[in-house]
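Now for the letters of each chain:
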Amino acid sequence: ARDMQSHHQQAVEMAMIIYPKTQDADLRAIAYDIATAQSAQLGQMQQWLIDWNLPAYGSAPAMRWMASSSEHSGHGDPALTPEELNAQMGMATDEQLKQLAAASGTAADCQFLELMIRHHEGAIDMVDAIEEGRNITSNIRKFITLLLISNIAEVIILLIGLVFRDQAKEVVFP
């Protein structure tokens, strides 16, 4: 839950960077949906930690639990740096977040789409590893299933938004 919380927090951050500055109404709606849905999911994950009597922050490095996942070799590898682990999770770097904040117009829109697609792909890998290696309760299984479905749907929407831009990065569909 802790790793997923940090992952969700960054998705909310990126969505709130693009939301006020995009001129694309569809992208603004997507950003709003990402920010609100993932904020609600953050609350649910925080409640799990409370229910399990676990602190909000742990001492273990991020993603180490994924090392036991046979399908996701490399994730959680103790030899990887925190930056490499974050990249595997689809996390944007601090520099990429600064660039997104500084960008404007369709360049910002496209950068957001590219970062969020990679971010969601990392979340899908995380969900797969959770399902593979964990004894999970039915409420968490439902949450994971809904999370996976919403992430896949959002990736499809984001890809459509990226594909339907011409070479000048202008929207080419009404």
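Our structure's up above, just so we're on the same page.
Below is a short write-up of the structure. Only a predicted model underlies this, so the values are computations on that prediction, with no experimental measurement involved. (Residues numbered from 1 in each chain as written. Predicted model: local features only at pLDDT ≥ 70, side-chain atom pairs only at ≥ 80, totals over all residues. Heavy atoms only, no water.)

So, on to the nonpolar core. A general trend in soluble globular proteins is that nonpolar side chains are found buried together. By size, the foremost hydrophobic cluster in this structure holds 24 residues, and its most contacted members are M14, I18, I34, L100, F112, M116 and L158. Apart from residues no more than four positions distant in its own chain, L158 is found in contact with I30, F112, L113, M116 and I117. With 10 residues, the next largest nonpolar core counts M126, I140, F143 and I144 among its residues. (Core = buried A, V, L, I, M, F, W, Y, C linked by side-chain atoms within 4.5 Å. Buried < 20%, exposed > 50% of the residue type's maximum accessible area, 1.4 Å probe, protein only. Contact = heavy atoms within 4.5 Å.)

A separate point is helix α2 (residues 25–51). Taking 1.5 Å of rise per residue, the 27 residues of α2 would be expected to cover 39 Å, and the 39 Å separating its terminal C-alpha atoms lies within 8% of that figure. Listed in full, the buried residues belonging to α2 are L27, I30, A31, I34, A35, Q38, Q41, L42, M45, W48 and L49. N-cap assignment for α2: the residue whose side-chain oxygen lies 2.9 Å from the backbone N of D26 is D24. Following α2 by one or two positions, N53 has its phi on the positive side, about 55°. (Helix = DSSP H or I, 4+ residues; strand = E, 2+ residues; numbered from the N terminus. Expected span 1.5 Å × (residues − 1). Polar contact = N/O pair within 3.5 Å; in protein donor to acceptor, adjacent residues only side chain to side chain.)

All right, on to a nonpolar patch on the surface then. Together, I152, I156, I160, V163 and F164 give the surface a local cluster of nonpolar side chains, amounting to about 440 Å² of exposed area. Looking at the secondary structure, you find I152 in helix α6 (residues 138–163). (Patch = residues over 30% accessible without salt bridge, like charges linked within 9 Å, V, L, I, M, F, W, Y side chains within 5 Å. Areas by Shrake-Rupley, 256 points an atom, 1.4 Å probe, with all protein chains shown as cover. Salt bridge = Lys/Arg side-chain N within 4 Å of Asp/Glu carboxyl O.)

Tallied over the full model, the rule gives one aromatic pair. A centroid spacing of 6.1 Å and a plane angle of 40° characterise the contact between Y19 and Y32, whose relative ring orientation is tilted. Placement of the pair is Y19 in the loop between α1 (2–18) and α2 and Y32 in helix α2, with a sequence separation of 13 residues. Residue class for Y19 comes out partly exposed when judged on its relative accessible area of 29%. The exposure class of Y32 is partly exposed, given its relative accessible area of 46%. (Phe/Tyr/Trp six-rings, centres within 6.5 Å; stacked < 30°, edge-to-face > 60°.)

With that settled, the discussion passes to the packing of α1 against α2. For the pair α1 and α2, the least separation of the axes is 8 Å and the interaxial angle reads 155°. Taken as axis vectors, α1 and α2 run roughly antiparallel relative to one another. As α1 runs across α2, the sense of the crossing is left-handed. Residues R2, M4, Q5, H8, Q9, A11, V12, A15, M16 and I18 of α1 lie in contact with α2, whose contacting residues are L27, A31, I34, A35, Q38, S39, Q41, L42, M45, Q46 and L49. When grouped by side-chain class, the residues that make up the contact of α1 with α2 number 13 nonpolar, seven polar and one charged. (Axes fitted to C-alpha atoms, helices over the stretch in contact; angles between N-to-C directions. Parallel < 35°, antiparallel > 145°, perpendicular 65-115°, else oblique. Left-handed = near helix turned anticlockwise from the far one by under 90°. Nonpolar A, V, L, I, M, F, W, Y, C, P; charged D, E, K, R; others polar.)

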